[in-house]
Amino acid sequence: MPLSILPWLALALAGAVAWGTIALHRGETVSAAWLILAAVGTYLVAYRFYSRFLATRVFGLDDRRATPAERLENGRDFVPTAKWVLFGHHFAAIAGAGPLVGPVLAAQFGYLPGTIWIVFGVVLAGAVQDFIILFGSMRRDGRSLGQMARDEIGPFTGTLTMAAILAIMVILLAVLALVVVNALRDSPWGVFTIACTIPIAILMGFWMRVIRPGRTIEASLIGLTLLLLALVAGRWVATSPVLAPAFTLSATALAGWLMAYGFVASVLPVWMLLAPRDYLSTFMKIGTILLLAIGIMLVLPPLRLPAVTRFVDGTGPVFAGKLFPFCFITIACGAISGFHALVSSGTTPKMLRRESDARLIGYGGMVMESFVAVMAMCAAAVLDPGVYFAVNAPLATLGGSVESAAQVIRGWGFAVTPEQMRALAHSVGETTVLARTGGAPSLAIGMAHIFSRAFGDGLTPLWYHFAILFEALFILTTLDAGTRVGRFMLQDLAGHAWKPMARTSWYPSAILSSALVVGAWGYFLRQGVLDPLGGINSLWPLFGISNQLLAAVALCVGTTILIKAGKARYAWVTLGPLAWLLAVTLTAGWQKIFADDPRLGFLSHARTVAAQMAAGTLDPAKGARLVFNDRLDAVVAAIFMTVTVVLVAACVREWALILTRRKVPVAREAPFVETAYAS
Amino acid sequence: MRADAAGGRAPAEWLRGAHAALRRMLGMPDYTAHVAHLRARHPDRPVPTEREFCEEYLRTRYGNGPTRCC
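Residues numbered from 1 in each chain as written. Chains lettered and ligands numbered in written order. Predicted model: local features only at pLDDT ≥ 70, side-chain atom pairs only at ≥ 80, totals over all residues.

Caption draft 1: Summary view of the overall build of chain B. Within chain B one finds four helices and zero strands. If you list the helices and strands of chain B from N to C, you get α-α-α-α. Residues classed as buried in chain B amount to 20% of the 70 residues present. (Helix = DSSP H or I, 4+ residues; strand = E, 2+ residues; numbered from the N terminus. Buried ≥ 20, exposed ≤ 12 C-beta atoms within 10 Å, placed from the backbone.)

Caption draft 2: Region of the structure containing the overall build of chain A. Each helix and strand counted, chain A has 27 helices and two strands in total. For chain A, the C-alpha radius of gyration of 25 Å lies close to 26 Å, the compact-globule estimate for 679 residues. Each principal axis of the C-alpha atoms in chain A carries an extent, and together these give about 70 × 65 × 60 Å. When contacts within chain A are restricted to residue pairs at least 6 apart in sequence, long-range pairs at least 24 apart make up 80% of them. (Rg over C-alpha atoms; globule rule 2.2 N^0.38 Å. Contact = placed C-beta atoms within 7 Å.)

Caption draft 3: Expanded view of helix 17 (residues 385–392) of chain A. Residues and elements named next belong to chain A. Within helix 17, eight of the eight residues are buried, leaving the element largely enclosed by the surrounding structure. Listing the buried residues of helix 17 in full gives Pro385, Gly386, Val387, Tyr388, Phe389, Ala390, Val391 and Asn392. Lining the buried residues of helix 17 we find helix 16 (357–381), helix 18 (395–398), helix 19 (402–411), helix 20 (418–427) and helix 21 (440–455).

Caption draft 4: Main features of the interface of chain B and chain A. Across the contact, 30 residues belong to chain B and 44 residues belong to chain A. Of all elements in the fold, only helix 2 (11–26), helix 3 (31–41) and helix 4 (50–63) of chain B reach the threshold of two or more residues within the side of chain B that touches chain A. Here the side of chain B that touches chain A takes eight residues from helix 4 of chain B, the largest share from any one element. Counted by class, the side of chain B that touches chain A contains 16 nonpolar, eight polar and six charged residues. (Nonpolar A, V, L, I, M, F, W, Y, C, P; charged D, E, K, R; others polar.)

Caption draft 5: Focus on the environment of A:Arg235. Among the secondary structure elements, A:Arg235 is positioned in helix 10 (residues 216–239). Residue class for A:Arg235 comes out partly exposed when judged on the 17 C-beta atoms lying within 10 Å of it.

Caption draft 6: Main features of unusual backbone geometry. Residues and elements named next belong to chain A. In this structure, the amide linkage connecting phenylalanine 324 to the following residue, proline 325, adopts the cis form with an omega of 5 degrees. One can find proline 325 in helix 14 (residues 323–330). In this structure, aspartate 141 is a non-glycine residue whose phi angle is positive, near 55 degrees. Take aspartate 141: it is sitting in the loop between helix 6 (111–138) and helix 7 (145–152). Since 17 C-beta atoms lie within 10 Å of it, aspartate 141 is described here as partly exposed. In this model, leucine 300 sits at a positive phi of 45 degrees, which is unusual for a non-glycine residue.

Caption draft 7: View of the nonpolar core. Residue and element names in this part refer to chain A. Ranked by internal contacts, the top residues of the largest apolar core, which has 237 residues, are Ala174, Ala177, Val180, Cys378, Ala380 and Ala390. Among the elements that make up this core, the one with the highest residue count is helix 8 (residues 155–184) (19 residues). If you count residues domain by domain, this core takes at least three from each of domain 1 (2–187 + 248–659) and domain 2 (188–246). Excluding anything up to four places from it in sequence, alanine 177 contacts Leu258, Leu479, Trp521 and Leu525. (Core = buried A, V, L, I, M, F, W, Y, C linked by C-beta atoms within 7 Å. Domains from an automatic or database assignment.)

Caption draft 8: Highlighting the environment of A:Leu395. All names here are of chain A. In this fold, leucine 395 is placed in helix 18. Residue leucine 395 is classed as partly exposed on the basis of its C-beta count, with 16 C-beta atoms lying within 10 Å. Residues leucine 395 and proline 532 lie 137 residues apart in sequence; the distance between their C-alpha atoms is 8.0 Å. Among residues more than four places away in sequence, those in contact with leucine 395 are Gly400 and Ala435.

Caption draft 9: Helix 2 of chain B, seen in detail. Its 16 residues give helix 2 of chain B an end-to-end C-alpha distance of 23 Å, which sits within 8% of 22 Å, the value for a rise of 1.5 Å per residue. B:Gly27 lies just past helix 2 of chain B and shows a positive phi near 90 degrees. (Expected span 1.5 Å × (residues − 1).)

Caption draft 10: Fine view of the packing of helix 13 (residues 274–299) of chain A against helix 22 (residues 460–497) of chain A. Residues and elements named next belong to chain A. One way to put it is that helix 13 packs onto helix 22 with a least axis distance of 9 Å and a crossing angle of 145 degrees. For helix 13 against helix 22, the interelement crossing comes out left-handed. Taking contact as the criterion, the partners of Leu274, Arg277, Asp278, Leu280, Ser281, Met284, Lys285 and Thr288 in helix 13 are, on helix 22, Phe470, Leu473, Phe474, Thr477, Asp480, Ala481 and Arg484. Considering only residue class, the contact of helix 13 with helix 22 consists of seven nonpolar, three polar and five charged. (Axes fitted to C-alpha atoms, helices over the stretch in contact; angles between N-to-C directions. Left-handed = near helix turned anticlockwise from the far one by under 90°.)

Caption draft 11: A look at the confidence of the model for chain A. Looking at chain A, pLDDT values average 91 and 100% of them are 70 or higher. When the elements of chain A are averaged for pLDDT, helix 1 (residues 2–24) of chain A gives the smallest value, 84, and helix 6 of chain A the largest, 97. (pLDDT = per-residue confidence, 0-100.)

Caption draft 12: Quick look at the domain arrangement of chain A. Residue and element names in this part refer to chain A. Per the domain assignment, the segments making up chain A are domain 1 (2–187 + 248–659) and domain 2 (188–246). Spacing between the C-alpha centres of domain 1 and domain 2 amounts to 27 Å. Across the boundary between the two partners, domain 1 contributes 23 residues, which contact 25 residues of domain 2. Within the residue set of the side of domain 1 that touches domain 2, elements represented by two or more residues are helix 8, helix 13 and helix 22. At eight residues, helix 22 tops the list of elements feeding residues into the side of domain 1 that touches domain 2.

Caption draft 13: Representation of the confidence of the model for chain B within the structure. All names here are of chain B. Residues of chain B with pLDDT of at least 70 account for 77%, and the chain-wide mean is 77. Predicted confidence is poor over residues 1–7, with pLDDT under 50, and the contacts of this stretch with residues over four places away or in other chains come to zero contacts. Of the two predicted TM-score estimates for the complex, the pTM is 0.93 and the ipTM is 0.81.

Caption draft 14: Representation of the packing of helix 6 of chain A against helix 14 of chain A. Residue and element names in this part refer to chain A. The N-to-C vectors of helix 6 and helix 14 enclose an angle of 60 degrees; their axes lie 10 Å apart at closest approach. Relative to helix 14, the element helix 6 is oriented oblique. Where helix 6 crosses over helix 14, the two elements pack in a sense that is right-handed. Residues Pro113, Gly114 and Trp117 of helix 6 lie in contact with helix 14, whose contacting residues are Leu323, Cys327 and Phe328. Looking at the contact of helix 6 with helix 14 residue by residue, the classes come out as five nonpolar, one polar and no charged. (Parallel < 35°, antiparallel > 145°, perpendicular 65-115°, else oblique.)

Caption draft 15: Region of the structure containing the environment of A:Ala379. Here A:Ala379 shows up in helix 16. Sequence-distant contacts of A:Ala379, defined by excluding residues within four places in its chain, comprise A:Leu443, A:Gly446, A:Met447 and A:Ile450.

And the structure:
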């Protein structure tokens, strides 16, 4: 026993040395290697000790107990699946654009605060949330988060959770669409490649249904080949005098196209567009993440961004607000993400072969996602700080030209020249990379930088557009899948008022509810596109708050499960993260609504706009729209905060009743059945 | 020894295993397994064709709440 502890002690020491190196080399350039080493050291130690503690002491995982996959096996959704295959499946479902975009945005505080939150947030909070929800669902025949909230806490909480999920979807889809708009505006190469994914997906859909039914892998390989061809052809389109103007779209035009796409994709049958896209983006995702990991390991690039920037004081150009709470709102996925609770209570719990596998898949899967977030942070931090801010600050701050941008950025104390910005845009095959707020483009530049150093120079434009394609591809997949899910939820709700609305395949109902969902996120998207502060400034914090709200719900459900199982003495494993999340979300929400700084507070921004209108310096129609949007955003933030407080209060009441023995806890776990598998 | 054992396996078999693993990672169900399950446990129920099975699967997969994260 003492000997087996030795390697872990060495690992813990290596991680500590890495953290120390990062901390002590302030003001000098540090290699990304230290960041990776610190993260991996912390992950492995936490996985070995903390997740084991959770698995054995807190949850009491028991391999003699048959899992739902064994008891309810049907060859369709309940299928016992090998541990590592299921790990791949679960990871592909939880990893999306979130862990890539959040860290890049939070890099405006420097790379250190975000990295600390990503690494420690995941081992103490995010991975615990995913693990406990997976565990709870596994013990309840694979029930969903909403069903568990209803069963364990009450019907009111269950309904509130469902409504919260719908609201979060709307904000999520709007902000992700905004990221795509900012990446693709005035970029014929990018627009052409992304547009090609639609016919490619449709071809795959017909292949899998008509030509060779069920041949998923074969169709995916064909799709991937065509996708790479489209990527290369994009360069030719971008330089063609005829085609380039046709694929050069403004931000508002792109927003319109995205809404049209979301609507059509939600109404078309799943096999035609949505499912093939999903396969395509899964392969792209796993492939690119592996490539990025290899690239970073090979190059071990120096981090040019400072560890901590002056913008921790809240004056940051990418989004307003101080380090606390906004660093912890900006990075949601990658540290803790409420959305994962939906996946952990979705397909994964129905596929676990034995109970102990839940540790690797629930806890380990989330740790892996956190590692992706650390790599995204590295990719952003390899950029010159001047370049990072030129790419990420909004256009209104930078002025329209590279000259004005360079001047503004020099004013912040970071060196960048107009020539440097022009050369950068040229080197990635674009006309401009200024003010492409949203994380995707600066991540793509960082990735292109790493890939060209690792796998050969001269391909930089191709790597840049590959990274853009990779991000846009799965954001669009989220967009169409999300619109469809929103449509089903809405149809279900409307069905209570008028029965025929609940028939999901009835066209009038499908079209009406799809239009409503697209209209909702489209409204916020348009607002973001037209926002003089850059859109990300208002929408990303709203998304962060809503995602953390869902995480708070998941942790409440988790705590209830523990208390009802008589494990109240271990409830701190979820109560600690819950308290932190409440402090973060409620502070951030309050500041977004009431702060005096017009860049931060929605209401004070509305007052500033009203003053400008009164002084006659702003077009009244435009001003009125801005004021309305500010007030709407304030209301949305207030609703999220109210829902959080009400939910937590309902749970605390339930816990108090059980703990003071005024209520008998009812166990909702499926009864014990011994496994037939050999151990 | 282990390398020998792995090398001794037919490449076709290895490829089949990798193929099945990839399909499962995507979340695709196994038609043959489902048919076997129906024959063994519910002999009274009709066996769907592969196409019906795929359609039914896609409907449940994409119609029951979010399956993917942001």
